[in-house]
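Spelled out from the first residue to the last, the chains are:
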Amino acid sequence: MSLTKAVCLPSSIQICRHIWTHFRRACATISGYRIMRPDDANIVGNVHGGTILKMIEEAGGIISTRHCNTQTGERCVAALARVERTDFLHPMFIGEVAHVSAEITYVSKHSVEVQVNVIAENILTGTTKVTNKATLWYVPFSLENVDKIVEVPLIEYKSNEQEIEGKKRYEAQKMERLETKQRNGEIIMPVISPEPFSVGFSQSSLIHLVGPSDCTLHGFVHGGVTMKLMDEVAGIIAARHCKTNIVTASVDAINFHRKIKKGCVVTVSGRMTFTSNKSMEIEVFVDADRVFEPEKYRAVSAFFTFISLDKDGKPLPVPPLKVETEEERKRFEEGKVRYLQTKAKRQTEKARQQ
Amino acid sequence: MSLTKAVCLPSSIQICRHIWTHFRRACATISGYRIMRPDDANIVGNVHGGTILKMIEEAGGIISTRHCNTQTGERCVAALARVERTDFLHPMFIGEVAHVSAEITYVSKHSVEVQVNVIAENILTGTTKVTNKATLWYVPFSLENVDKIVEVPLIEYKSNEQEIEGKKRYEAQKMERLETKQRNGEIIMPVISPEPFSVGFSQSSLIHLVGPSDCTLHGFVHGGVTMKLMDEVAGIIAARHCKTNIVTASVDAINFHRKIKKGCVVTVSGRMTFTSNKSMEIEVFVDADRVFEPEKYRAVSAFFTFISLDKDGKPLPVPPLKVETEEERKRFEEGKVRYLQTKAKRQTEKARQQ
Amino acid sequence: MSLTKAVCLPSSIQICRHIWTHFRRACATISGYRIMRPDDANIVGNVHGGTILKMIEEAGGIISTRHCNTQTGERCVAALARVERTDFLHPMFIGEVAHVSAEITYVSKHSVEVQVNVIAENILTGTTKVTNKATLWYVPFSLENVDKIVEVPLIEYKSNEQEIEGKKRYEAQKMERLETKQRNGEIIMPVISPEPFSVGFSQSSLIHLVGPSDCTLHGFVHGGVTMKLMDEVAGIIAARHCKTNIVTASVDAINFHRKIKKGCVVTVSGRMTFTSNKSMEIEVFVDADRVFEPEKYRAVSAFFTFISLDKDGKPLPVPPLKVETEEERKRFEEGKVRYLQTKAKRQTEKARQQ
């Protein structure tokens, strides 16, 4: 194992952890792991992307709640406000140990940026691989008054530049968050006897009654629980479309505009919007329904990208999506733009690294 | 083993267990307990009917699988074929201990009848109450050849009458099972902007990807897992209709015509069919979808009855169901017949006991 | 209770239960079963020791809480104070049914001793084997005032000797419990690029956010939940060291000095301390962290022993632990003493039985 590789290993976070006991506020990091169980994976043994997203969010929630309570004052719980686009770099398997490490990288007056890395370790062979790098934004809400946002304690940056870079990221996500606030209201309408490979053929939805274990201390659904349900619906849509083993390849930025309360019924629905040669884009909506109240509202929406794998884990071609209506055509074109942008961005990054 | 020792051995199976090792065939009983956790209940603390149904079926599955393997020969797993109508006599609460005990009461050549009783114990006050009495029918399938039904070993009856009574029950359920085999194919169609209290307003459906922990040793879904999902959908429909705290009051006989395999996507959907002054009847369908195959089939269907409770646990009046189409009216009338039959039957039983 | 009513009680527990309602104090036993699912086991199908420890503790908690509430007076919940050394006599497998039975064997003024036996039953072959015999000590805390210890009702002993023997066990464990109260504060230091087979190479830690279903009625973590997490960490350390299939062989006495509250973040960390030819000893620490408070404290610590198995379930030689520092050498020697003491004790017992 080379030194460069060692730097990415969990031990690096452990060092930080050590410092943390002494300078808790300064070194706001956390690390943990979980062994992957059969229920975390599909029949072929690939761990669901949703399982990983849930672990990532749990680490982020703990570290930001802890940080926001370091100052004397109102007790608060950090709620997930946004997850930046996340790629699944490698599939993870049953029996592997997932190491999750989280670090606070920026704070604004009312929000906390957390960087989370996930490493899959095969404890029998000793091999490790980085599977995810995610960025999450949290906002601390008072425990006494659930609608009140609390002020975030400062952190010490290693350099001036680090703070400036963080501020840029903060401004950029703020802009994007505002933009998506509009997109709402669309409802997925069922189709009678749909054509194979059409949008109506694979579209799916589930309902979930929010239980106590889905919730934070102040009785709102963990962002990670929502993301896991979203990945589940997206995965079923992808499997219905191509009828092969599928895995989550990436998730576009997700904004959590409204909190979902304990006891709500959550409806998660999705439809395929775009296919490239080897990928499928699926749009997922989350609606919350207070049951006891007439109100029903859109809580979250996001785009998931899935790929289809053969028995050796190699990407398979995907049957093209049959678009039938004008709306579907429009969404397909928008999906294509997102696909090409991501592709271009990735190539730029590759070129820069060389 | 001395007599004194027998008394202090594990209360439930101890005496039986002792006999069982010697006369395993004769003493085919099992008993267990489980403490009710927050995740087993709704926000008000009432344990979900589905949680109880799942426990009941687990006990039945163990005892009948054990019995069917007492003879040398092919190893087999008992699969749930039918549950007789089950009443929920009292609500159960978080923190209470559910005691489940099961006994084989009749066997035919290819099926096993199991009687299961559930008692709720409050370990703080010491009070206990019988909450359920259920009858389940199992059929043993060979582990080597999943489509082959194995012969069931005989049991010893306490009396000739007991055997004759059992045979009557066996014949009656066989008839009923055949009848329901026809009812199929109906699909719940969504309604755009439905009226409050209409059928379309509360109808709901969920999808669930069948994981390893949902399945028996030969890779088919436990009947109890299916019933838990059915109760979940029915409960959400009931809550959406009356917007109060609701609990399962009873489940009509359920027939399990086709097995559901690991890796399937299960769609559970339901609609309200009838309301009396203080109860709601909900019809629930379970469809299985092999994802990798084009086929999709109706695996199970059943009627659940829910009641609405106030803060002190007393039944509340239920808003009447608004029927809008001819079909809905027909289903409402059929529901009314079932309701009146059950009511009449209950009064006859009461009169007989006095 | 009328005779007709007694007949309606759950068939299996009925006899004992019937006695119990009349002589509740005398018949202080409980028994239950649970079928082992894929998530309860490792990839090879061996049920985790932690799953078994959790079941054992659940039975102990129910029986002692029930007993401590038999007297009119303050309602209370029994909290786990100590588990005596526990051996895992045989591995258990997925699909087997675990029968857990618990009995109160001694009470002091403020504590309850519970004996728990675990039997694994293969319902296909009919074979059963005793897998565990455990002794647990519980202390009842008032539900109204969580820091107040309640008085334990007396039990009837079968003989004078039985009571005297119980008192001896009580005094012995009390002494030991006091001694371990000192051991604290040690923190597991991470190592950069550690050598294979060194202590630093396999050491691990996990974090867990305490959820509602992890907790008792008064909002503190079940001892069994903590033990399951400890076994998980110890198992990963053992697997990292020897890279084979490993199973829990035994757990040294564990003392629960401080309760862990709902909402806490629990850090479980461990390191290997000693290896014999065919076993590994792992020390595990549990620290609780209230998130909202600066305080962090050592809640539990224990030694787990694991063995490595080949494909046929036979013990494999274990690579010797490379000790590098003076501290590690000291801990290794202490581990050796524990190992030799246990070995000697087992041989004495064997000789006595012959």
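Calculation criteria
- Residues numbered from 1 in each chain as written.
- Chains lettered and ligands numbered in written order.
- Predicted model: local features only at pLDDT ≥ 70, side-chain atom pairs only at ≥ 80, totals over all residues.
- Heavy atoms only, no water.
- UniProt positions renumbered as here; feature names shortened; annotations may be inferred.
- Helix = DSSP H or I, 4+ residues; strand = E, 2+ residues; numbered from the N terminus.
- Contact = heavy atoms within 4.5 Å.
- Buried area = accessible area lost by both parts, 1.4 Å probe.
- Salt bridge = Lys/Arg side-chain N within 4 Å of Asp/Glu carboxyl O.
- Polar contact = N/O pair within 3.5 Å; in protein donor to acceptor, adjacent residues only side chain to side chain.
- Nonpolar A, V, L, I, M, F, W, Y, C, P; charged D, E, K, R; others polar.
- Pairing = 2+ DSSP bridges.
- Axes fitted to C-alpha atoms, helices over the stretch in contact; angles between N-to-C directions.
- Expected span 1.5 Å × (residues − 1).
- Buried < 20%, exposed > 50% of the residue type's maximum accessible area, 1.4 Å probe, protein only.
- Arc of directions from axis to C-beta.
- Least-squares fit on C-alpha atoms with pLDDT ≥ 70 in both.
- Disulfide = S-S within 2.5 Å.
- Parallel < 35°, antiparallel > 145°, perpendicular 65-115°, else oblique.

S.K.: Any chance you could explain the UniProt feature "active site" (unreviewed entry) in chain A here in plain terms?
M.R.: Residue and element names in this part refer to chain A. Cross-referencing UniProt, the feature "active site" (unreviewed entry) maps to Asn 42 and Asp 231 in the present numbering. The named residues occupy 190 residues along the chain; their greatest pairwise C-alpha distance, 12.4 Å, places them in one compact cluster. Topologically, Asn 42 is positioned in the loop between β1 (29-35) and α3 (49-68). Not counting the four nearest positions on each side in its chain, Asn 42 is found in contact with His 48, Asn 245 and Ile 246. Tracing the backbone through its elements, the reader meets Asp 231 in helix α6 (residues 223-242).

S.K.: Explain the interface of chain A and chain B here, please?
M.R.: A common measure of how large an interface is: the accessible area buried when the components associate. Each partner contributes residues to the interface: chain A has 32 residues there, and chain B has 32 residues. Here chain A meets chain B over a buried area of about 2,600 Å², counting both sides, of which 69% is carbon and sulfur. Counting the contacts that link chain A with chain B gives two salt bridges. A salt bridge links Asp 289 of chain B to Arg 240 of chain A; the shortest N-O distance between them is 2.8 Å. Put simply, chain A and chain B have four residue pairs in polar contact (both at pLDDT 80 or more) between them. At the level of elements, β7 (204-209), α6 and β10 (265-275) of chain A are the ones that each hand at least two residues to the side of chain A that touches chain B. Per-element accounting of the side of chain A that touches chain B gives the leading share, six residues, to β7 of chain A. Broken down by class, the residue content of the side of chain A that touches chain B amounts to 15 nonpolar, nine polar and eight charged.

S.K.: Is there a simple way to explain the sheet that holds β1 of chain A in this structure?
M.R.: Where strands meet in a sheet, backbone hydrogen bonds hold them as pairs that are either parallel or antiparallel. Across the sheet, six strands lie side by side as β1-β4-β5-β6-β2-β9 (chain A); this open sheet has antiparallel pairing. The sheet is open, and its two edges are formed by β1 and β9 (254-255) of chain A, each paired on a single side. Here β1 of chain A runs beside strand β4 (residues 97-107) of chain A; their pairing, made up of seven bridges, is antiparallel. Considered in β4 of chain A, the bridge of Tyr 33 of chain A is made with His 99 of chain A. Against the sheet, helix α6 (residues 223-242) of chain C contacts β1, β4 and β5 (112-121) of chain A, and its axis sits at roughly 80° relative to β1 of chain A.

S.K.: Help me out: how do you make sense of helix α3 (residues 49-68) of chain C in this one?
M.R.: Working note: α-helix, 3.6 residues per turn, so residues spaced by three or four point in the same direction. When the terminal C-alpha atoms of α3 of chain C are compared, their 28 Å separation across 20 residues agrees well with the 28 Å that a helix rising 1.5 Å per residue should span. Burial within α3 of chain C is extensive, with 18 of its 20 residues counted as buried.

S.K.: What am I meant to see in helix α4 (residues 160-180) of chain C here?
M.R.: All names here are of chain C. End to end, α4 covers 31 Å across 21 residues, agreeing with the expected 30 Å (1.5 Å per residue, within 8%). Taken together, the buried positions of α4 are Gly 166, Tyr 170 and Gln 173. Projected down its long axis, α4 carries its buried residues within an arc of 80°, all on one side. For α4, the exposed residues set more than 90 degrees away from the buried face come down to Asn 160, Glu 161, Lys 168, Met 175, Leu 178 and Glu 179. Taken together, the buried residues of α4 touch β2 (76-83), β4 (97-107) and β6 (128-142).

S.K.: I tried to follow the sheet that holds β10 of chain A on my own but got confused; where do I start?
M.R.: Residue and element names in this part refer to chain A. Across the sheet, six strands lie side by side as β3-β8-β12-β11-β10-β7; this open sheet has antiparallel pairing. At either margin of the open sheet sits one strand with a lone partner, and together these are β3 (86-87) and β7. The sheet contact formed by strand β11 (residues 280-289) and strand β12 (residues 296-309) spans ten bridges and is antiparallel. Counted as the bridge partner of Ile 282 is Phe 304 from β12. Contacting β3, β10, β11 and β12, helix α7 (residues 326-353) crosses the sheet at an angle of about 75° to β10.

S.K.: In this structure, what is going on with the relation of the copies chain A and chain B? I would like to understand it.
M.R.: Each of the two chain copies can be brought onto the other by rotation about an axis and movement along it. With an RMSD of 0.1 Å, the operation that places chain A on chain B is a rotation of 180° combined with a shift of 0.1 Å along the axis. Put plainly, the chains are arranged around a two-fold axis. Among all residues of chain A, the minimum C-alpha distance to the rotation axis is found for Leu 206 of chain A, at 2.0 Å. In this assembly the copies share their binding face: 97% of the residues contributing to the interface of chain A also contribute to that of chain B.

S.K.: What is the right way to read the state of the cysteines from this model?
M.R.: Residue and element names in this part refer to chain A. Counting across every chain of the model gives zero disulfides over all chains. No disulfide involves Cys 68; its sulfur sits 4.9 Å from the nearest other cysteine sulfur, which is in Cys 76. On the basis of relative accessibility, which here comes to 3%, the residue Cys 68 falls in the buried class.

S.K.: In this structure, what is going on with the packing of helix α3 (residues 49-68) of chain B against helix α6 (residues 223-242) of chain B? I would like to understand it.
M.R.: Residues and elements named next belong to chain B. Put simply, α3 and α6 touch, their axes get as near as 8 Å, and they point 170° apart. Between α3 and α6, the crossing angle belongs to the class labelled roughly antiparallel. On α6, the residues that touch Gly 49, Gly 50, Thr 51, Leu 53, Lys 54 and Glu 57 of α3 are Gly 223, Gly 224, Val 225, Met 227, Lys 228 and Asp 231. For the contact of α3 with α6, the residue count by class is three nonpolar, five polar and four charged.

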